Every structure is written in structure tokens, then in C-alpha cells.
Amino acid sequence: MFDRIAPRYDLVNRLMTFRLDVKWRRKSIQSLGLPSKSTILDIACGTGDFCRDLQKEKFNSFGIDLSKGMLSSARTSSPLVNADALTLPIGNSSVDGVTCGFALRNFTSLPPFFKELERVLRSGGRIALLEVDQPSNKILRFGHKIHFGKIVPLLGSLLSDSTAYSYLPESVSYLPIFEDLADMLSASGFIEIKKEKLTGGVAQVISAAKP
């Protein structure tokens, strides 16, 4: 599915988020709180959006994605690797930080992924996980439901792949609530687990640190 939507993935993302995805990635990078020149791994890197933003902030970035189609459509000078996020082809304690955008919903089980993040992070390393969310305000939540459930699939069908852009909104139901995510991260060895709401709760960034 991701191979099919790769050629127009960036275009549809910009349109369906009104370019807010650019702001959300910047906030996620800020939440890492790491010094420049740190080595950051972006998991499920897609076409390299996070890697480009990390480079702009003077980080050493590289990306990993399971979709060869996404990697072939990437627009970044960062090194990219085709690999499985559950068996990362890098050594223990080898990166300072990890970013991941809009991918948690695609894992059938998150604890093995979180344990793998803990494995590759150095002591003191940090993660920033960017995901969709549900606004707490009733009016915002109603508008968000219409946009994400009706307009996004229509936009996707016109510009890309109707099946994919029906799945992506539906996949929100697969994402555990923050309290459950926090418990999983804590069980995997992370501390300082925080959630920051973005754009009224339309999106969220979950950050944590390795002791």
C-alpha cells in the first residue's frame, strides 16, 4: 500500500494537513532536546521529511523504512536503509535519538518496537513519536472527524489511492491511548514520558528518554 502511494505521498500530506505536518515535525524535533550534531534515526522515514528537517537543525540523520517504494521517492541526502523496524540493522547503544512519524498505528504490537528503540539508543538518548490524536474540544473533534473521515479519503482517491486513504483514517482506532503507550514505554525502560498536544489535539508528540 505504501509503495503505491509513495509518488504523491508528500503532496497529499501537505494538502490534507494544510501544511501543519511541517510544524508538527519541527515541534517533535524540539522535544528531543538534543544538541546539534547528535545522530538521529528516523524510523518509517517514508520520503525523508523528518530527515530533511533534522538536517536543517544540524543533526546527523539517517532513515529506515520497510517500503522500497517510499525510499525510491525520497528527497533527502540522508542515508536511507530498507529494513524492518523490529529488527533494526544497527548496533546496541549506537544513536542519540529516534524520531518516528505517523507509524505507530501500523504495528500489530508496540512493546517489541519500543524495546528495539531502547536497545539502539545510547544512555541519555531520547525519542519523539509523532502521531495523530483526538481533540478534547467537542467542536474541534467533530470537525476533525469530518475532515479525517470524509475529506481525506476523498482527497486521497482523487490524487492517489482510495484504498490507502480510507485505511489511514481508520487506523486511528488501532492507536492505544496515551496512558497505555506510557505504560508500554515504561516497561521497555524509558523515563520522562510526556505527551504534547499539537494544534488543539489534532496531533500529538510523545517523548521519552533512556536512563
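Basis of the calculations
- Residues numbered from 1 in each chain as written.
- Predicted model: local features only at pLDDT ≥ 70, side-chain atom pairs only at ≥ 80, totals over all residues.
- Heavy atoms only, no water.
- Core = buried A, V, L, I, M, F, W, Y, C linked by side-chain atoms within 4.5 Å.
- Buried < 20%, exposed > 50% of the residue type's maximum accessible area, 1.4 Å probe, protein only.
- Helix = DSSP H or I, 4+ residues; strand = E, 2+ residues; numbered from the N terminus.
- Contact = heavy atoms within 4.5 Å.
- Right-handed = clockwise from strand over helix to strand, strands pointing away.
- Pairing = 2+ DSSP bridges.
- Polar contact = N/O pair within 3.5 Å; in protein donor to acceptor, adjacent residues only side chain to side chain.
- Salt bridge = Lys/Arg side-chain N within 4 Å of Asp/Glu carboxyl O.

A. Up close: the nonpolar core. Formed by 30 residues in total, the largest nonpolar core has its most connected members in Leu41, Ile43, Phe113, Phe114, Leu117 and Ile127. When residues of this core are traced back to their parent elements, those giving at least two are β1 (39-43), β2 (60-65), β4 (95-101), α6 (111-120), β5 (121-132), α9 (178-187) and β7 (203-209). For Ile127, the residues in contact, after removing those within four places along its chain, are Leu32, Val98, Leu117, Leu121, Leu185, Phe190, Ile206, Ser207 and Ala208. Leu34, Phe50, Leu198 and Val202 belong to the second largest nonpolar core, which has 14 residues in total.

B. How the structure looks around the pairing of β2. For β2, the buried fraction is high: five of the six residues fall into the buried class. Chirality of the crossover, the property in question, places the unit of β1, helix α4 (residues 49-56) and β2 among those that are right-handed. As paired elements, β2 and strand β3 (residues 80-82) share three bridges and run parallel to each other. When the bridges of β3 are listed, Gly63 appears paired with Leu80.

C. Spatial organisation of the pairing of strand β6 (residues 191-198). In this sheet, β7 lies alongside β6 in antiparallel orientation, the contact comprising six bridges. Opposite Leu198, over in β7, you have Ala203 as the bridge partner. Between β6 and β7, which pair antiparallel and follow one another directly, the connecting turn spans four residues, one of which, Thr199, has a positive phi of 50 degrees.

D. Representation of the side chain of Asp133 within the structure. Within the secondary structure, Asp133 is located in the loop between β5 and α7 (138-159). Reaching out from Asp133, the side chain makes a polar contact with the side chain of Lys195 at a distance of 2.9 Å. Dropping the residues within four chain positions of it, Asp133 is found in contact with His144, Lys195, Lys197, Gly201, Val202, Ala203 and Gln204.

E. Fine view of the pattern of salt bridges. Evaluation of the coordinates by the stated rule reveals 17 salt bridges. With a shortest N-O distance of 2.7 Å, Asp21 and Arg14 are connected by a salt bridge. Note on accessibility: Asp21 and Arg14 belong to one class, buried. The partner of Arg126 in a salt bridge is Glu192, and the shortest N-O contact between them spans 3.0 Å. Placement of the pair is Arg126 in strand β5 and Glu192 in strand β6, with a sequence separation of 66 residues.

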